[in-house]
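Structural characterization, general
Residue strings, one per chain:
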Amino acid sequence: MHQKRNEKRDRKFSKKEKTVRSVEEVTGVVSMTREGYGFLIREGIKEDIFINSRKLRGALHGDRVKVALLSKSRGNRRVEGEVVEILERSKKAFTGILQITGDQAWVITSGKNMPYDISVSTDGLSKENNGMKVAAVVDNWPRRSPYPVGHITDILGKPGDNDTEMHAILSEFSLPYKFSSKVEEAAELIPVKIGEKEIASRRDFRGVPTFTIDPADAKDYDDALSLIKLENGNYEAGVHIADVTYYVKPDSIIDQEALERATSVYLVDRTVPMLPEKLSNNLCSLRPNEDKLCYSAVFEMNEKGKVINRWFGRTIINSDFRFSYEEAQLIIENEAALLKESDEKPVKGGKKNQSEESGNNPLKQEILNLHKLATLLREERFRKGAISFERPEMKVEVDETGKPVSIGSKISKESNWLIEEFMLLANREVASLIGKKPEKEAKTFVYRVHEQPDMDKIADFRSFIHHFGYTMKSVSNGKEFSSELNNLLASAKGKPEESAIEMMALRSMARAKYSTDNLGHYGLAFDYYTHFTSPIRRYPDMMVHRLLDMYLNNAKSQNKGFYEERCKHSSEREQLAAEAERASIKYKMVEFMQDKVGQVFTGTISGITEWGMFVELNTAGTEGVEGLVALRDIKEDYLVYDEESYTLTGKQSHKKFILGEAVKIKVERANLEQKQLDFTLIWEGEIPGFSSGSRDNGKDTRSNTGRNKERNKERNKERNKERGSGKNKRRNSTEEI
C-alpha cells in the first residue's frame, strides 16, 4: 500500500531551476495538503504563497522553511515559490496505522496534511503493535529516499476505539493526554490541611454568603461569588478565585508542566487538565462546605452597579452552595414571572410567597441581587461599545463508551451572564489597578488584548453585508464600527443570514491574545483587561496572580521579556487547544452521521468558496452538523463563484446560491479518518433544455477541467480555513474573542 501511495522525488536543484529563482526570499511555515502541494504561511501577512509539490524539496506540513519567490501576484493569481532551505523540522506528530513487514515498518498516514507514509525503525516494536494507531514525528527525508524517515512517539491503541481516536487528536496538535509519574507524585506530596498561621494571614469570608455556579457536569469549581448588603445601602460583592499559586510554586515540576501545557483542553468527551487532579478537582476546587484558599477581588457597588471601592488580596472562604446554571436560571426566571404576574394581576390577600415560586434556597436573594447588578454591568458595557456576539455553544452528548447519541446547541441565559459579568469586572479591575498608571510608573503585567479591526477589513465586511440588503454607515474608527455592528446584528437576529453575518464579522477582527503591552480589549470595550479568574485552567492567570501579589507588596517591575515570551507561548497553546476541540467535535459529528449516509436533510448554506459550499443542517437532531457540497459533484449546472458577494450562480440556470439560503442535501460520505462529511445538493427544479453534460462543452474561458483541477488543489487547505474560522463554540463569553 505504502509503495503505491509514495512517489520518489528528486530534491536536487537543477541549473535551469536556479536561473528562474527570484532574488527575493521569505520565511514561514508550510501548510501542506493531502494532494502533496503546499502553501507558505507568514505571520501577520494575509496572502500565502503557493508551492507546487515538486518545489517543496522534502518540506512537510509544519516545517519552517525559506522560500524563493517565482512569481508575483497578478489579479486572482497566487504568488508562487519554491523551498530553498528547511530551517526547522516540525516536532508535530502525524498519526496513522503501523504496518510492520519483516524488519521494515511504516506509519500509513491518513491526515489531511500528510500525503506520504513515514518509514520508522522496528526497534522496540513487537508483532502486537502491527495494525495499531500510532503517532510519529518526521526526523528527516534523505535525498534519495522515497519516504520521509521518523520515529514513533506513542502507540495510541486500536483504531476506532474512542480513547485511541481522542488521544490521536491530542497527539495531532502536540497536546499531552496524561501526566508523568513525577508530576503526579509531586502533586500527591502537597499538604491538604491548611495551617492556622496561613488562615490568620488572610481575610476571612467564611461567614459571608458564598456560592458557585457551574455547568451541571463540572468537576472543578475555580470561582465563587459572595454578596452582603452594607449599612450604607451599597453591596459588597466578592469574586473569589482558587489560589492556585499558593500550592504551585514557581519553577517547581508542577509549575513547569503547567507552563508547558498553558491551558486545559476540552474535547467532546473529556477534559485534559492543565494541573493534576489533586489540584484541579480537590485542593483548588471550591467545593461547598469546605474551607478553601482564594485570591479575591472585592467590590463595593451602589444600586446603579457603579464600583465605589475595590480590594484585592488573599482570602479563605467556605462556599455554602453549589448551583448549576440551570438551577440559578430557574430562580431568576421564576422571580421574573412572579413580578410580571403581580404587575398584571394583583394577588388578593397580599403578594405571593416568593419561596413557593422560586424555591426556598436561602441564597435566592443573593442570586437575584447579583443578577440585578450583572444586568447593569452588561448594559453599561454595551453602551460603551462592547460587541454583542451570541453564537450558540455546540453540545455533543456521548454515552459511557464515547459514542455520540445527540447533537444540539446551547444558548447562554441570564445565569451565564451573571457569572460572566462578574468575571469580566474582576479581570478589568485587576488590569486597571496595575496598568492605569503614568507611563513611567507602569509595571510589567500580563494583559488579554484584542486589537481594533483593520479598516480595510471593515470595508470588505460592509461590502459583504450589502449583498443581503443591509447597510452600515461609514466609520472612521473601531468604536464607531462596534456601534454599527451591534445595530446590524440586532437587525439580522433570527434571520437566515444571521449566522453568516456573525461569522464574517468575526473574521474581520483580530484574534485575542496575551501580551505585556496593553492594547486594550476591543470586543469588550475595555481599556484595560487581563485574565485573573481561571488559574486552574489557564497559565496566564497564574502569572497574573503572582504579579499582582508582588505589586501589592511593593515589588519592583518584573522582567518584561521574560513574561512576553510566556505570553506568546500561552497564546500559541490556546490556539492549539481550540483546534483540538474543534477536531473532536468534527470527529463526533461525522461518527454521529455515519448511519445517516443516503438520507436527505434540510440546512442552510454556511460557507461558499470557489470549489464548493458548506451546508449546516437544521433538521431536528442534527442542528449544527456541517458538511461540504463540492462543485465538481453538481451535475445540473456549472456554478460560477463571485468572491466579492460570496455567491455561486448557475451559468445556464442563473440560479443563485447565497449564504444563509435554505437547501436540501443528501449525506454522501462520512469519512472518520479525515473528519469530514460530503453532501450532494438536491437541485430544486428542472432546467429546460439543459443537460448535465453541456457544461463541459461550453466555451467559457473558466474551463471546467481547469477549475476542477484548481479546486482539487486547494480543497483541503481552504476547507480547514472555512471550517475552522470563527467556529469555536465551546465558550459563549466574548472574553474568549
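Cut-offs used in this document
Here the residue index of a chain counts from 1 through its sequence in written order. Given that the model is predicted, a residue must reach a pLDDT of at least 70 before its local features are reported, and side-chain atom pairs must reach 80 or more before they are shown or counted; all residues, however, enter totals for whole chains, interfaces and linings. Hydrogens and water molecules were not included; the side-chain quantities draw on all heavy atoms of the structure. When DSSP finds at least two bridges between two strands, those strands are taken to pair. A helix here means a DSSP run of H or I that spans at least four residues, while a strand means a run of E at least two residues long, and both kinds are numbered starting from the N terminus. To get an axis, a line is fitted to the C-alpha atoms, and for a helix only the part in contact is used. The angle between two axes follows their N-to-C directions and goes from 0 to 180 degrees. Note on definitions: salt bridges are taken to be side-chain nitrogens of Lys or Arg within 4 Å of carboxyl oxygens of Asp or Glu. Partly exposed residues are those whose accessible area sits between 20% and 50% of the maximum for their type, while under 20% is buried and over 50% is exposed, using a 1.4 Å probe and protein chains only. Contacts are residue-level and defined by heavy atoms, with any inter-residue pair within 4.5 Å sufficient. On a scale of 0 to 100, pLDDT captures the predictor's confidence in every residue. Classification of ring pairs rests on two measures: the distance between centres of Phe, Tyr or Trp rings, Trp counted by its six-membered ring, which must be within 6.5 Å, and the angle between planes, read as stacked under 30 degrees, edge-to-face over 60 and tilted in between. Think of it as a cone above the ring: NZ of Lys or CZ of Arg counts as a charge over the ring if it is within 6 Å of the ring centre and within 35 degrees of the ring normal. Roughly parallel covers angles under 35 degrees, roughly antiparallel covers those over 145, roughly perpendicular covers 65 to 115, and oblique covers all other angles. Rotating anticlockwise by less than a right angle from the far helix to the near helix defines a left-handed crossing, while the corresponding clockwise rotation defines a right-handed one.

Topic: the sheet that holds strand β8 (residues 118–120)
Strand order in the closed barrel formed by 5 strands is β6-β7-β8-β10-β9, with mixed pairing between adjacent strands. In this sheet, neighbouring strand axes are inclined to one another by 50° on average, regardless of whether the strands run parallel or antiparallel. Bridge analysis of strand β6 (residues 94–101) against strand β7 (residues 104–109) gives 6 bridges, and the strand direction is antiparallel. Paired with I100 across the two strands is A105, which belongs to β7.

Points about the pattern of salt bridges
In this structure the tally under the stated criterion is 36 salt bridges. A salt bridge links E420 to R378; the nearest nitrogen and oxygen atoms lie 3.8 Å apart. With E420 in helix α12 (residues 414–435) and R378 in helix α11 (residues 364–383), this pair connects stretches of sequence that are 42 residues apart. Per residue, the accessibility class of E420 equals that of R378, and both read buried.

Notes on the environment of M472
Tracing the chain through its elements places M472 in the loop between α13 (455–466) and α14 (478–492). We classify M472 as buried; its relative accessible area is 8%. Along the backbone, M472 and L485 are 13 residues apart, and their C-alpha atoms lie at a distance of 7.8 Å.

Overview of the environment of A105
As for its position among the elements, A105 is in strand β7. The buried category is assigned to A105, whose relative accessible area is 2%. Spatially, the C-alpha atoms of A105 and N130 are 8.9 Å apart, while their sequence positions differ by 25 residues. Those residues in contact with A105 that lie beyond four places of it in its chain are L98, Q99, I100, I118, S119, V120, T122 and L125.

Some points on the confidence of the model for the protein
Across the protein, the average pLDDT comes to 86, with 86% of residues at 70 or higher. Of the regions scoring below 50 in pLDDT, residues 346–358 engages in 17 contacts with residues more than four places distant in sequence or in other chains. For the stretch residues 686–735, pLDDT sits under 50, and the model shows 127 contacts to residues farther than four places along the chain or on other chains.

Here we look at the packing of aromatic side chains
Throughout the structure, instances matching the rule amount to 19 aromatic pairs. Both rings, one in F526 and one in Y529, keep their centres 5.7 Å apart while their planes meet at 35°; by these two values the pair is tilted. Grouping residues by exposure puts F526 and Y529 together as buried. Within the aromatic cluster, the residues linked to one another by ring pairs are F461, F464, F468, F481 and Y646. In this arrangement the basic side chain of R202 is found over the ring face of Y246, its NZ or CZ atom lying 5.3 Å from the centre. Over the ring of Y514 we find R448, and its NZ or CZ is 4.7 Å from the ring centre.

Some words on the sheet that holds strand β27 (residues 639–642)
Spatial strand order, β27-β28-β29: 3 strands in an open sheet with antiparallel pairing. A single partner strand is all that each edge strand has here, and the edge strands are β27 and β29 (656–658). In this sheet, adjacent strand axes meet at a mean angle of 20° when their direction is disregarded. Pairing between β27 and strand β28 (residues 647–650): 4 bridges, direction antiparallel. Looking at β28, one finds that L639 is bridged to G650.

Re the packing of α14 against helix α15 (residues 498–507)
One can describe the packing of α14 onto α15 by two numbers: an axis separation of 9 Å at closest approach and a directional angle of 160°. It follows that α14 is roughly antiparallel to α15 by the angle criterion. As for how α14 packs across α15, the hand of that crossing is left-handed. From α14, L485, L488, L489 and A492 reach across to α15, where they touch E498, I501, E502 and A505.

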